[in-house]
4 protein chains.
Amino acid sequence: MSDGPLNRQQLQERLLHSPFNAFLDLEVVSADPEKQEVIIRMKMRPEFERLTGTGHWHGGPIAAAIDIVGDYALAMMFGNPLPTINLRVDYLRPGKGTLTLAARIRRSGKTVGVVDVDVLNEAGDLVAIGRANYSTAISAPHWKE
Amino acid sequence: MSDGPLNRQQLQERLLHSPFNAFLDLEVVSADPEKQEVIIRMKMRPEFERLTGTGHWHGGPIAAAIDIVGDYALAMMFGNPLPTINLRVDYLRPGKGTLTLAARIRRSGKTVGVVDVDVLNEAGDLVAIGRANYSTAISAPHWKE
Amino acid sequence: MSDGPLNRQQLQERLLHSPFNAFLDLEVVSADPEKQEVIIRMKMRPEFERLTGTGHWHGGPIAAAIDIVGDYALAMMFGNPLPTINLRVDYLRPGKGTLTLAARIRRSGKTVGVVDVDVLNEAGDLVAIGRANYSTAISAPHWKE
Amino acid sequence: MSDGPLNRQQLQERLLHSPFNAFLDLEVVSADPEKQEVIIRMKMRPEFERLTGTGHWHGGPIAAAIDIVGDYALAMMFGNPLPTINLRVDYLRPGKGTLTLAARIRRSGKTVGVVDVDVLNEAGDLVAIGRANYSTAISAPHWKE
């Protein structure tokens with residue numbers, strides 16, 4: 001179908017196929033196949049607070065978003081999201097406000113893809129960093145078939 | 001205040017302090033300070049589906065719940081939840097239906113607590129396994145003060 | 001060739017194919033295909049000390065041994081060691097003397113195997129715990145071919 | 001004693017305090033406190049081969065070196081190595097020849113330091129990537145005391 005990597009709009013549409021991704025209300029900011037990088041923004045909502053009234057993010061939606069954004073960096077190249085093998089998150093600082101997640105592919109092999117994700121607050125400070133493995137075994141870049 | 005580890009009801013009440021935990025609608029099944037184990041149940045809801053109509057869990061709420069259940073195993077001993085340092089999740093099988101999460105403390109040191117979490121489906125198959133580190137540096141078991 | 005899982009002696013011989021494994025001088029204590037568990041012992045040697053004269057293990061050989069023992073749990077089932085995808089180690093206590101490493105397969109899937117490893121000192125205290133992923137994509141249990 | 005971060009020579013001397021580090025024969029290439037980065041080189045030796053005669057690195061010494069180099073990035077700032085809390089390694093490609101390990105501090109907090117390590121072969125390809133947590137709780141930058 002497609003002749004190359006998915007672009008920003010295609011990734012944005014894809015996100016809505018998943019009820020959970022739609023619930024997180026993620027906005028694809030950019031998709032750069034040369035840098036192998038996808039950037040997504042996530043807004044705070046009341047359900048995501050750690051403690052009522054603090055405005056602090058609970059770590060749960062941050063972990064979930066890291067998983068998704070990492071997956072969408074590979075989806076950009078493969079044409080569709082891939083199964084997550086594992087996910088690892090380091091929480092560095094309490095986070096408030098809109099978060100920006102930047103995912104960069106470190107390796108896209110025959111069976112495993114490895115992606116790094118940095119999570120920044122509005123001031124540009126690191127709130128969390130993630131690393132995840134995805135299964136590339138069942139998929140191949142669809143435009144190369 | 002308390003004279004010992006938090007019990008099942010106390011942990012259940014504590015969960016509602018956090019809007020995100022309340023949203024996940026977790027049910028504390030048991031809290032066993034001798035085994036150092038807390039078991040929690042999480043029901044499927046439409047927002048948690050990976051793809052509409054499949055009934056499959058998205059990995060995001062599973063990761064979030066692993067973080068929380070691990071934390072509550074330590075909260076049982078410390079009297080309150082602790083900051084998560086890091087979280088690691090291995091996804092083993094697609095999951096459907098109500099999930100049971102069993103968290104067991106592997107080490108509770110002066111600065112770091114280490115907890116393992118198994119996630120099972122209704123048939124008792126492993127859906128995911130998690131491991132996380134929490135900061136014990138600022139807290140001490142409150143009944144030992 | 002073989003009609004089933006590798007036994008203790010076969011795993012012990014296999015270890016010597018690798019110069020690094022031979023250098024670590026690991027002793028296979030048991031190999032139990034029903035429990036999906038392999039136990040290996042590792043003796044201290046002067047090169048493995050963290051600081052001269054302390055008798056404390058450096059974390060490096062512990063991490064290396066966790067990788068190997070986890071791999072050999074799968075090797076028991078697959079007939080040969082598999083490529084390591086990733087390795088994670090939590091250090092829980094300083095370790096001295098001979099260490100016992102117990103590896104248990106948590107999942108052996110079509111592309112990824114997941115193994116947990118506990119590392120104990122002579123008193124039976126946990127020194128470290130590990131978890132690793134191995135690539136099962138290119139191999140199949142050889143006696144099933 | 002010191003009035004600031006340790007320099008390349010001081011880190012090189014420090015490495016020899018540990019029999020295991022000395023055995024790995026690591027060479028500190030650079031130590032840059034502004035970039036929060038330390039670069040170290042590790043030469044192949046026969047004990048480190050995965051299989052005799054292949055020239056391929058066993059993953060064990062790579063994991064061990066990631067731990068050490070990450071620690072030495074923090075040692076540059078704190079004046080001495082710190083206890084490793086945990087270590088995570090993703091193996092991306094088989095590695096041969098001399099390896100270059102570049103460690104960069106991502107966060108140096110009151111109780112935990114987080115460091116990323118890239119491992120490159122002589123062609124500049126990524127062989128492995130690591131991430132580790134170290135305990136900063138008992139230490140403070142010594143020149144700030």
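Residues numbered from 1 in each chain as written. Chains lettered and ligands numbered in written order. Predicted model: local features only at pLDDT ≥ 70, side-chain atom pairs only at ≥ 80, totals over all residues.

Caption draft 1: Local environment of the pairing of strand S3 (residues 84-91) of chain C. Burial analysis of S3(C) places 8 of its 8 residues in the buried class, which makes it a mostly covered element. Alignment of S3(C) against strand S6 (residues 126-135) of chain C, held across 7 bridges, turns out to be antiparallel. Following the sheet pairing, C:Val89 is matched in S6(C) by C:Gly130. As judged from the 5 bridges shared by S3(C) and strand S3 (residues 84-91) of chain D, these two strands associate in the antiparallel manner. Residue pairing for S3(D): C:Asn86 is matched across the bridge by D:Asp90. (Buried ≥ 20, exposed ≤ 12 C-beta atoms within 10 Å, placed from the backbone. Helix = DSSP H or I, 4+ residues; strand = E, 2+ residues; numbered from the N terminus. Pairing = 2+ DSSP bridges.)

Caption draft 2: Geometry of helix H3 (residues 59-78) of chain C. Residue and element names in this part refer to chain C. Over its 20 residues, H3 runs 29 Å from end to end, which matches the ideal 28 Å to within 8%, given 1.5 Å per residue. The buried fraction of H3 is high, at 20 of 20 residues. At the exit of H3 stands Gly 79, carrying a positive phi of roughly 90°. (Expected span 1.5 Å × (residues − 1).)

Caption draft 3: Here's a closer look at the relation of the copies chain C and chain A. Relative to chain A, chain C is turned by 180° and slid 0.0 Å along the rotation axis, the superposed coordinates differing by an RMSD of 0.0 Å. These values place the two chain copies in the arrangement generated by a two-fold rotation axis. Among all residues of chain C, the one whose C-alpha sits closest to the rotation axis is C:Thr111, at a distance of 3.6 Å. Interface residue correspondence from chain C to chain A reaches 100%, placing this contact among same-surface, isologous pairings. (Least-squares fit on C-alpha atoms with pLDDT ≥ 70 in both. Contact = placed C-beta atoms within 7 Å.)

Caption draft 4: Representation of the sheet that holds strand S2 (residues 37-42) of chain B in the model. Strand order across the open sheet formed by 12 strands is S1(A)-S2(A)-S4(A)-S5(A)-S6(A)-S3(A)-S3(B)-S6(B)-S5(B)-S4(B)-S2(B)-S1(B), with antiparallel pairing between neighbours. Edge positions in the open sheet fall to strand S1 (27-32) of chain A together with strand S1 (27-32) of chain B, since each of these has one partner strand only. When strand polarity is set aside, the average angle formed by the axes of neighbouring strands in this sheet is 15°. In terms of strand pairing, strand S5 (residues 112-120) of chain A meets strand S6 (residues 126-135) of chain A through 9 bridges, oriented antiparallel. Looking at the pairing, A:Asp116 lines up with A:Arg131 of S6(A). (Axes fitted to C-alpha atoms, helices over the stretch in contact; angles between N-to-C directions.)

Caption draft 5: Main features of the relation of the copies chain B and chain A. Note on the identical chains: chain B maps onto chain A by a rotation of 180° and an axial translation of 0.0 Å, with an RMSD of 0.0 Å. Most of the interface of chain B is mirrored in chain A, where 100% of its interface residues are also at the interface.

Caption draft 6: Layout of the interface of chain B and chain A. Counting from both sides, the interface comprises 28 residues of chain B and, opposite them, 28 residues of chain A. Sorting the residues of the side of chain B that touches chain A by element identifies helix H2 (19-24), helix H3 (59-78) and strand S3 (84-91) of chain B as the ones contributing at least two each. With 8 residues, the single largest contributor to the side of chain B that touches chain A is S3(B). Looking at the side of chain B that touches chain A, its residues break down into 14 nonpolar, 8 polar and 6 charged. (Nonpolar A, V, L, I, M, F, W, Y, C, P; charged D, E, K, R; others polar.)

Caption draft 7: The interface of chain C and chain A, seen in detail. Residue-level contacts link 7 residues of chain C with 7 residues of chain A. For the side of chain C that touches chain A, the secondary structure elements donating two or more residues are S3 and S6 of chain C.

Caption draft 8: Seen up close, the packing of H3(C) against helix H3 (residues 59-78) of chain D. Close contact between H3(C) and H3(D) brings their axes to 8 Å; oriented N to C, the two are set at 140°. One way to sum up the angle between H3(C) and H3(D) is to call them oblique. The interaxial crossing formed by H3(C) with H3(D) has right-handed handedness. For the pair formed by H3(C) and H3(D), the contact residues are C:Gly59, C:Gly60, C:Pro61, C:Ala63, C:Ala64, C:Asp67 and C:Ile68 on the first element and D:Gly59, D:Gly60, D:Pro61, D:Ala63, D:Ala64, D:Asp67 and D:Ile68 on the second. (Parallel < 35°, antiparallel > 145°, perpendicular 65-115°, else oblique. Left-handed = near helix turned anticlockwise from the far one by under 90°.)

Caption draft 9: A look at the environment of D:Pro33. Residue and element names in this part refer to chain D. With respect to the helices and strands, the residue Pro 33 is situated in the loop between strand S1 (27-32) and strand S2 (37-42). Pro 33 sits in the partly exposed class, given 15 other C-beta atoms within 10 Å. Taking C-alpha positions, Pro 33 is 6.6 Å from Pro 5, a pair spaced 28 residues apart along the chain. Dropping the residues within four chain positions of it, Pro 33 is found in contact with Pro 5, Met 76 and Met 77.

Caption draft 10: Summary view of unusual backbone geometry. Of note, the phi angle at B:Asp25 is positive, near 60°, even though the residue is not glycine. Residue position: B:Asp25 is located in the loop between H2 and S1. Exposure remark for B:Asp25: the 11 C-beta atoms within 10 Å place this residue in the exposed category. Phi at C:Gln36 is positive, roughly 60°, even though this residue is not glycine. Examined against the element boundaries, C:Gln36 turns out to sit in the loop between strand S1 (27-32) and strand S2 (37-42).

Caption draft 11: Representation of the sheet that holds strand S5 (residues 112-120) of chain D. Pairing is antiparallel in the open sheet, where 12 strands are placed in the order S1(C)-S2(C)-S4(C)-S5(C)-S6(C)-S3(C)-S3(D)-S6(D)-S5(D)-S4(D)-S2(D)-S1(D). At either margin of the open sheet sits one strand with a lone partner, and together these are S1 of chain C together with S1 of chain D. Averaged over all pairs of adjacent strands, the angle between their axes in this sheet comes to 15°, without regard to strand direction. For S2(D) and strand S4 (residues 99-108) of chain D, the ladder comprises 6 bridges, and the chain directions are antiparallel. What sits directly across from D:Met42, in S4(D), is D:Leu99. Packed onto the sheet, helix H1 (residues 8-15) of chain C meets S1 and S2 of chain C and runs at close to 135° relative to S1(C).

Caption draft 12: A look at the environment of D:Arg104. All names here are of chain D. Along the chain, Arg 104 turns up in strand S4. When the 17 C-beta atoms within 10 Å are taken as the criterion, Arg 104 is described as partly exposed. Taking the C-alpha atoms as reference points, Arg 104 and Val 115, separated by 11 residues in sequence, lie 5.6 Å from one another. Other than its neighbours up to four places away in sequence, Arg 104 contacts Gln 36, Glu 37, Ala 73, Val 115 and Asp 116.

Caption draft 13: Summary view of the nonpolar core. Judged by nonpolar contacts, the single largest core of 196 residues is most densely connected at A:Ile66, B:Ile66, C:Ile66 and D:Ile66. Apart from residues no more than four positions distant in its own chain, A:Ile66 is found in contact with A:Leu87, A:Val89, A:Leu101, A:Val117, A:Val119, A:Ala128, A:Gly130 and A:Ala132. (Core = buried A, V, L, I, M, F, W, Y, C linked by C-beta atoms within 7 Å.)

So, to be careful, I would describe these as geometric facts and stop short of saying anything about function.
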